[in-house]
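The lines below spell out each chain.
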Amino acid sequence: MNEQGDRSGRPGTGARRADGADAANGAEQADGAGRASGAGGAGTAPAARRGGAMLAVLLSAWFLAQFDFFVVNVAAPSLERDLGAGPAALQLIVGGYAFAYASGMITGGRLGERYGQRRLFVGGMAAFALASLLCGLAAGPWQLVAARLAQGLAAAVMVPQVLAVITAAFPGPARARALGWHGVTGGLGSIAGQVLGGLLLEQDVLGLGWRAVFLVNVPVGLIAAPLAARLLPPPAPRAGARGQDPLGAVGIAAALALLLVPLTLGQDQGWPAWTWLCLGAGVPLGGLVAAWQRRLHARGGAPVVDVTLFLRPSFRAGIASVTAFMAYFASFMFTLTQLLQGGLGLDAFEAGLVFAPSGLLFGVTALLGARLVARYGMRVVVGGGAVTALGLGLLALRLLAAGEGAGLGWLVPAVALVGLGNGLVLPQLIGVALLDVSARQAGIGAAVVTTTQQFASAAGVAVIGTVFFALAGPGGGHAAAMARCALIDLALVLAVVLLVAHTARRARPGEHAPRAHAGRTAIRASGSSRR
C-alpha cells in the first residue's frame with residue numbers, strides 16, 4: 001500500500017515513493033514484470049512461481065522460530081535425564097530462547113529497514129542454523145543455555161523480515177493470501193513442536209536422542225539461506241538515511257528483558273522477590289523509553305520505534321487484539337498440555353496428536369479467511385471468534401461436569417472447534433495491524449507486531465499458568481483447573497470479538513469497502529486469467 005492510498009483511505013494504485021525507500025519496488029523486480037505490466041501477460045505464471053518460492057523461503061524462518069519455541073517443552077525430561085540439566089538450567093533452556101527472541105525483535109526490524117531485509121534475513125537464517133548446530137553439540141547444560149540464547153537472538157534478526165517483506169512485496173489480495181499462509185505456518189510450527197518433537201524423541205533418530213530436535217533445523221537453514229539470497233528483493237536505495245538510536249535500542253531490550261525474564265521464570269521458581277523487583281523496574285523503564293522515542297521523533301531523529309505507527313487506528317486496534325488473542329492462545333496450549341500429560345497421563349507424542357485436528361482445521365480456515373474477509377468483511381473475524389468461544393465453552397462445561405473422566409472423545413472435538421475458529425481470527429488480526437503500514441515502515445511495524453505476539457504469549461502463560469497450578473493444587477485436580485482457565489481464555493476471546501466489532505463500526509463510511517471491493521476484483525481477475 002502506498003502513501004497516497006494511506007492518505008485517501010483507498011487502496012494504493014501502485015505508485016512508488018519518490019525517496020526510493022519502498023521495498024515493494026524491489027519485490028516487483030523479484031516477481032518479474034508480468035504482473036506489474038498487466039494481468040494475463042506471458043510473465044504472470046513465472047512471476048507467480050517466483051513469488052510462491054519467495055514466500056516459502058520466508059515462511060521457513062517463521063516455522064523454525066515457532067517450532068523451537070514449543071519443542072523444548074517436549075524435550076525437557078530428556079534434557080534433565082541425559083544432560084544433567086537442573087531446574088535453573090532447564091528454565092533458561094526453555095525460557096532463554098523466548099526472552100532473547102522477543103527482546104531483540106524490534107532492533108532486528110529496524111536493522112532490516114536500514115540495511116535491507118534480504119541481508120538481515122540471510123544472516124539471521126545462517127546464524128540460526130549455526131546456533132541450532134551448537135545446541136545439538138552441547139556437552140553440558142550451560143553450553144546449551146548459551147546456544148539457546150544465541151538461537152533466540154538469531155530468530156530476532158530473521159523473523160521480523162518475514163512480515164516486513166510480505167507487507168512490502170505482496171500488494172492487495174496477494175498480501176492477504178500471504179498472511180493466510182503466515183497464519184497456517186505459525187499454527188503448524190506450534191503443533192509440530194509437540195508432534196514432530198515427540199516423534200523424534202520416541203524414535204531416537206540415529207541414536208541422537210534430544211539432540212535431533214535441534215539438529216533438524218540445520219539442513220533447513222543451509223537450504224533456505226542461499227535461496228533467500230537469490231529470491232528476496234534487493235534493498236532499495238534509501239535517500240537521506242538518518243542515524244541509529246543506540247539508547248532506544250538498549251532501553252527497549254532492557255525493558256523487555258526486565259518484564260520477560262520474571263514472566264518466563266517466575267512461575268517455576270515460586271515468584272521470588274527478584275521477579276517482582278524486575279517487573280516493578282521494567283514498567284517505568286518502558287515508560288522512559290517511550291518518552292525518549294517521542295522526544296527523538298519530535299527533534300527529527302530516527303527512533304528505534306516509529307511512533308507515527310501508533311497514530312493509525314488500525315495499528316492500535318490490531319496490536320490490542322493480538323495482545324489479548326496471543327495471551328489466550330499460548331496459555332491454552334500450555335494448560336491443555338498440562339491436562340493431557342499430567343491429568344490424563346498421555347505421553348508427549350500422544351498429547352501432540354490431540355492437537356493435530358485443531359492444527360489441521362486452523363490451517364484450512366486460515367487459508368480461507370482472507371478470501372472470506374474480502375467478501376464479507378470483518379464479520380468473518382467476529383464469527384471465527386464466536387466459534388473459538390463456543391469450543392472453549394464446551395470444553396469448560398464438559399470438564400466441570402466429568403472431571404478427568406471427560407474422555408478424549410469429548411476433548412478432541414472441542415479443541416478442534418477452537419482451532420477452526422482460531423484460523424479465522426489470528427491471521428486477520430495481523431492483517432488489521434499492518435493494513436495501513438507503508439512499505440517504508442514495514443520492518444518496524446512487523447517487528448512491533450511480532451514482539452507483541454511473543455510478549456503476550458509469555459504473559460499469558462505466566463499469569464494463566466499460575467492460576468492453573470494454584471487451582472490444581474498438590475491433589476492434581478487438572479480437569480477443574482483447566483475448566484476455569486478455559487473460562488478465562490473465553491473472556492479474552494470475547495474481548496477480541498468486541499474490539500474487532502467496535503473497530504469495524506467506527507470505521508469511516510466506505511473506508512474498508514473499497515479495499516474489499518478491490519480484493520474481490522483482483523481475485524476474480526486472477527482467476528479469469530488462470531482460466
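Residues numbered from 1 in each chain as written. Predicted model: local features only at pLDDT ≥ 70, side-chain atom pairs only at ≥ 80, totals over all residues. Heavy atoms only, no water.

**Comments concerning the confidence of the model for the protein**
Link 1 in the chain: Chain-level statistics for the protein give a pLDDT mean of 78 and a share of 84% at 70 or above.
Link 2 in the chain: Per-residue pLDDT stays below 50 along residues 1-43; that stretch engages in 71 contacts with residues further than four places along the chain or on separate chains. (pLDDT = per-residue confidence, 0-100. Contact = heavy atoms within 4.5 Å.)

**Topic: the packing of helix α7 (residues 117-137) against helix α8 (residues 141-169)**
Link 1 in the chain: At their nearest, the axes of α7 and α8 sit 8 Å apart, and the two run at 155 degrees to each other. Comparing the axis directions of α7 and α8 gives the class roughly antiparallel. In this structure, α7 meets α8 at a crossing whose hand is left-handed.
Link 2 in the chain: Class assignment for the residues of the contact of α7 with α8 results in 18 nonpolar, 5 polar and 1 charged. (Axes fitted to C-alpha atoms, helices over the stretch in contact; angles between N-to-C directions. Helix = DSSP H or I, 4+ residues; strand = E, 2+ residues; numbered from the N terminus. Parallel < 35°, antiparallel > 145°, perpendicular 65-115°, else oblique. Left-handed = near helix turned anticlockwise from the far one by under 90°. Nonpolar A, V, L, I, M, F, W, Y, C, P; charged D, E, K, R; others polar.)

**Looking at the environment of Leu215**
Link 1 in the chain: Position of Leu215 among the secondary structure elements: in helix α10 (residues 212-215).
Link 2 in the chain: With 81 residues separating them in the primary sequence, Leu215 and Leu134 have C-alpha atoms 8.7 Å apart.
Link 3 in the chain: Once residues within four sequence positions are removed from consideration, Leu215 is found in contact with Ser132, Leu133, Gly136 and Leu208.

**So, the environment of Phe128**
Link 1 in the chain: With respect to the helices, strands and loops of the structure, Phe128 is situated in helix α7.
Link 2 in the chain: C-alpha of Phe128 to C-alpha of Leu64: the two residues are 64 residues apart in sequence and 9.0 Å apart in space.

**Some points on the packing of helix α14 (residues 313-343) against helix α15 (residues 348-376)**
Link 1 in the chain: The contact between α14 and α15 brings their axes to 10 Å, and the two run at 130 degrees. Our classification of the angle between α14 and α15 gives oblique. For the element pair α14 and α15, the recorded crossing hand is right-handed. Across the interface between the two elements, Met333, Leu336, Thr337, Leu340 and Gln341 from α14 touch Ala348, Ala351, Val354 and Phe355 from α15.
Link 2 in the chain: When grouped by side-chain class, the residues that make up the contact of α14 with α15 number 7 nonpolar, 2 polar and no charged.

**Comments concerning a nonpolar patch on the surface**
Link 1 in the chain: Judged by side-chain polarity, Leu360, Val364, Leu368, Leu372 and Tyr376 come together as a nonpolar surface patch covering roughly 460 Å² of accessible area.
Link 2 in the chain: Within the fold, Leu360 resides in helix α15.
Link 3 in the chain: The class for Leu360 is exposed, based on a relative accessible area of 59%. (Patch = residues over 30% accessible without salt bridge, like charges linked within 9 Å, V, L, I, M, F, W, Y side chains within 5 Å. Areas by Shrake-Rupley, 256 points an atom, 1.4 Å probe, with all protein chains shown as cover. Salt bridge = Lys/Arg side-chain N within 4 Å of Asp/Glu carboxyl O. Buried < 20%, exposed > 50% of the residue type's maximum accessible area, 1.4 Å probe, protein only.)

**Some details on α15**
Link 1 in the chain: With 29 residues, α15 extends 40 Å between its outermost C-alpha atoms, agreeing within 8% with the 42 Å of an ideal straight helix rising 1.5 Å per residue.
Link 2 in the chain: Where α15 bends most, the angle comes to about 35 degrees, and this point is Gly369.
Link 3 in the chain: Directly beyond the C-terminal end of α15, a positive phi value near 75 degrees is found at Gly377. (Expected span 1.5 Å × (residues − 1). Bend = angle between axes of the 7 residues up to and from the residue.)

**Looking at the packing of aromatic side chains**
Link 1 in the chain: Evaluation of the coordinates by the stated rule reveals 10 aromatic pairs.
Link 2 in the chain: Ring plane angle 75 degrees and centroid distance 5.2 Å describe the contact between Phe325 and Tyr328, whose orientation is recorded as edge-to-face. Taken as a pair, Phe325 and Tyr328 lie in helix α14 at a separation of 3 residues, close to a single helical turn.
Link 3 in the chain: Exposure remark for Tyr328: the relative accessible area of 0% places this residue in the buried category. (Phe/Tyr/Trp six-rings, centres within 6.5 Å; stacked < 30°, edge-to-face > 60°.)

**Thoughts on α8**
Link 1 in the chain: Taking 1.5 Å of rise per residue, 29 residues should cover 42 Å, and α8 covers 42 Å from first to last C-alpha, within 8% of that figure.
Link 2 in the chain: Of all the bends in α8, the greatest, near 25 degrees, is centred on Ala156, and the proline Pro160 appears no more than four residues after it.
Link 3 in the chain: Burial of α8 is extensive: 22 of the 29 residues sit out of reach of the surface.

**Quick notes on the side chain of Asp68**
Link 1 in the chain: Mapping Asp68 onto the fold places it in helix α4 (residues 44-82).
Link 2 in the chain: By relative accessible area, Asp68 is classed as buried at 0%.
Link 3 in the chain: Within the structure, the side chain of Asp68 is placed 2.9 Å from the side chain of Gln151, a separation counted as a polar contact.
Link 4 in the chain: If sequence neighbours within four positions are ignored, Asp68 has contacts with Tyr97, Phe128, Arg148, Gln151, Phe214 and Asn217. (Polar contact = N/O pair within 3.5 Å; in protein donor to acceptor, adjacent residues only side chain to side chain.)

**Structural notes on the side chain of Thr167**
Link 1 in the chain: Along the polypeptide, Thr167 turns up in helix α8.
Link 2 in the chain: Thr167 gets classed as buried once you look at its relative accessible area, which sits at 3%.
Link 3 in the chain: Among the polar contacts made by the side chain of Thr167, one reaches the main-chain carbonyl oxygen of Leu163 at a distance of 2.7 Å.
Link 4 in the chain: What Thr167 contacts, discounting residues up to four positions off in sequence, is Arg175, Leu434, Val437 and Ala442.

**Considerations on the pattern of salt bridges**
Link 1 in the chain: Applying the stated criterion across every chain, the model contains 2 salt bridges.
Link 2 in the chain: Ionic pairing is found between Arg148 and Asp68, a salt bridge with its closest N-O pair at 3.9 Å. On the criterion of sequence distance, the pair formed by Arg148 in helix α8 and Asp68 in helix α4 is long-range, its members being 80 residues apart. Grouping residues by exposure puts Arg148 and Asp68 together as buried.
Link 3 in the chain: The residue Arg81 makes a salt bridge to Asp82 at a minimum N-O spacing of 3.3 Å.
Link 4 in the chain: For Asp82, a relative accessible area of 48% gives the class partly exposed.

**What to know about the environment of Leu344**
Link 1 in the chain: Mapping Leu344 onto the fold places it in the loop between α14 and α15.
Link 2 in the chain: The exposure class assigned to Leu344 is partly exposed, which follows from its relative accessible area of 26%.
Link 3 in the chain: Spatially, the C-alpha atom of Leu344 lies 8.7 Å from that of Gly407, the residues being 63 residues apart in sequence.
Link 4 in the chain: Not counting residues within four places of it along the chain, the set of residues in contact with Leu344 comprises Leu339, Glu404, Leu408 and Leu411.

**A word on the nonpolar core**
Link 1 in the chain: If you look at the biggest cluster of nonpolar residues, it comprises 115 residues, and the most contacted ones within it are Tyr101, Phe121, Ile166, Phe332 and Met482.
Link 2 in the chain: A total of 13 residues in this core trace back to one element, the largest contributor, which is α14.
Link 3 in the chain: Once residues within four sequence positions are removed from consideration, Met482 is found in contact with Phe332, Thr335, Leu336, Leu339, Leu395, Leu399 and Phe468.
Link 4 in the chain: Listed in part, the 23 residues of the second largest apolar core include Ala89, Val145, Leu200 and Leu201. (Core = buried A, V, L, I, M, F, W, Y, C linked by side-chain atoms within 4.5 Å.)

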